[in-house]
Amino acid sequence: MRIDIITCVPDLLASFFSHSILKRGQAAGVIEVHLHNLRDYATNNQKQIDDYAFGGGAGMVMMIEPIDRCISALKAERNYDAIVYTTPDGENFSQETANRFSLLENIIILCGHYKGVDQRVRENLITHEISIGDYVLSGGELAAAVMADAVFRLVPGVMNDETSALTDSFQDGLLAPPVYTRPADYKGWTVPEVLSSGHQAKVEEWRFNQSLERTKERRPDLYSRLTEN
Ligand code: ADE
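Residues numbered from 1 in each chain as written. Predicted model: local features only at pLDDT ≥ 70, side-chain atom pairs only at ≥ 80, totals over all residues. Heavy atoms only, no water.

Draft legend 1. Spotlight on the domain arrangement of the protein. Partitioning the protein into structural domains gives domain 1 (2–152) and domain 2 (167–228). For domain 1 and domain 2, the distance between their C-alpha centres works out to 36 Å. (Domains from an automatic or database assignment.)

Given below as C-alpha cells:
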C-alpha cells in the first residue's frame, strides 16, 4: 500500500515516517510513503502556494494550481483509490475509516493550511474530506500522520504480531481491556489472579467483561450502540 502526502512542510513528516513500525513496514516493502513539497509545483519564482481570499477577510487561501499540478503528476503515474483532504470541517476519522482505507492500494493525502484550500479543489480534485477531531490544528500534517499511522498498522506485515491489531480498542466497538506484566506484585499492587490461572477461557471471559465495563463507564456512546444491535 502506498500513501502520497502533499504538504508545504515535508520535513515535519519525514522523521515521523522514519521510525518504529512504519520504518519496518517500509523496509519490508509492504507500505510506501512519499512526501511531496507543494512548493515544487508552484508556477512563479516566489514558489507561491497561497493568496488572498476573494471577497477579502483575514487569512490566506491555498491556490488551486500548484495542488492540481501535483495531483495530476501523481495520477499520471498510477491510479488512486482515494484523494483525501485534511480539514476540521471534514467527516470524522474513525477506526472504521482506517479499516476501509487499509484495503486500498494508493491514497493521496493533501494537508490543508492557512484558511484552507480554494473550494474548487474540494469540489473537483478531492474524494474525501477528513477531520481527526473537533479541534483546529495549525496544519493538516499531524492529521495526515495520524491517519497514515492508523491505516498502515492494519496492513499485513507492518505489525510484528498481526493479531494484535484485531484486539485494539474500537476494533470490535469496545475499548481494550487492562493489561499487566511482571512482577505480579509490585508494592502490594497485585495482578488479577485469573490472568495467571492458566485457564484461557476464563482469561478471555475476564477480558471481555473488563472491556464491556470500561466501555460502559468511559464511552457510554459506544456502549449504547452495542446494546442497540
Ligand atoms: N487541519 C486543522 N485541524 C484539523 C483537524 N482537526 N483534522 C484534520 N485536519 C485539520
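Draft legend 2. Spotlight on unusual backbone geometry. Here the bond from Arg182 into Pro183 is cis, since omega is 0°, no more than 30 degrees from zero. Its identity is not glycine, yet Ser20 carries a phi of approximately 45°, on the positive side. Looking at the secondary structure, you find Ser20 in helix H2 (residues 20–27). The backbone of Tyr114 shows a phi angle near 50°, a positive value even though the residue is not glycine. For Tyr114, the location among the structural elements is in the loop between strand S6 (106–111) and helix H5 (119–124). (Helix = DSSP H or I, 4+ residues; strand = E, 2+ residues; numbered from the N terminus.)

Draft legend 3. Region of the structure containing the environment of Val9. Secondary-structure assignment places Val9 in the loop between strand S1 (2–7) and helix H1 (10–14). Judged by its relative accessible area of 34%, Val9 falls in the partly exposed class. Setting aside residues no more than four positions away along its own chain, Val9 makes contact with His113 and Glu141. (Buried < 20%, exposed > 50% of the residue type's maximum accessible area, 1.4 Å probe, protein only. Contact = heavy atoms within 4.5 Å.)

Draft legend 4. Up close: helix H3 (residues 64–77). A rise of 1.5 Å per residue sets the reference length of H3, with its 14 residues, at 20 Å; its end C-alpha atoms lie 20 Å apart and thus fit the reference within 8%. Among the residues making up H3, those that are buried are Pro66, Ile67, Cys70, Ile71 and Leu74. For H3, the arc enclosing every buried residue in end-on projection is 125°, short of the 170-degree limit, so these residues lie on one face. Buried residues along H3 sit against S1, strand S2 (32–37), strand S4 (60–62), strand S5 (82–92), S6 and H5. (Expected span 1.5 Å × (residues − 1). Arc of directions from axis to C-beta.)

Draft legend 5. Structural context of the packing of aromatic side chains. A complete count under the given rule lists two aromatic pairs for this structure. Their ring planes at 85° and their centres at 5.0 Å tell us that Phe16 and Phe17 sit as a pair that is edge-to-face. Among the residues examined, Phe17 registers a relative accessible area of 5% and is labelled buried. With a centroid separation of 5.9 Å and 55° between ring planes, the pair formed by Tyr186 and Trp189 is classed as tilted. Among the residues examined, Tyr186 registers a relative accessible area of 44% and is labelled partly exposed. (Phe/Tyr/Trp six-rings, centres within 6.5 Å; stacked < 30°, edge-to-face > 60°.)

Draft legend 6. Here's a closer look at the pattern of salt bridges. Following the criterion strictly, the structure yields eight salt bridges and no others. Measuring nitrogen to oxygen at the nearest pair gives 2.5 Å for the salt bridge that ties Asp168 to Arg153. A residue pair is termed long-range when its members are at least 10 positions apart, and Asp168 in the loop between helix H7 (163–166) and strand S8 (185–186) and Arg153 in the loop between helix H6 (141–152) and H7 qualify at 15 residues. With a shortest N-O distance of 3.7 Å, Arg207 and Glu204 are connected by a salt bridge. Placement of the pair is Arg207 and Glu204 together in helix H8 (residues 200–218), with a separation of three residues, close to one helical turn. (Salt bridge = Lys/Arg side-chain N within 4 Å of Asp/Glu carboxyl O.)

Draft legend 7. Structural view of the site of the ligand. The environment of the ligand is formed by Thr86, Thr87, Pro88, Ile130, Ser131, Ile132, Gly133, Tyr135, Val136, Leu137 and Ala143. One of the backbone N or O atoms of Thr87 is found 3.2 Å from a nitrogen atom in the ligand. One nitrogen or oxygen atom from the main chain of Gly133 is found 3.1 Å from a nitrogen atom belonging to the ligand. Taken by itself the ligand offers 260 Å² of open surface, and the protein chains cover 97% of this. (Near = heavy atom within 4 Å. Polar contact = N/O pair within 3.5 Å; in protein donor to acceptor, adjacent residues only side chain to side chain. Areas by Shrake-Rupley, 256 points an atom, 1.4 Å probe, with all protein chains shown as cover.)

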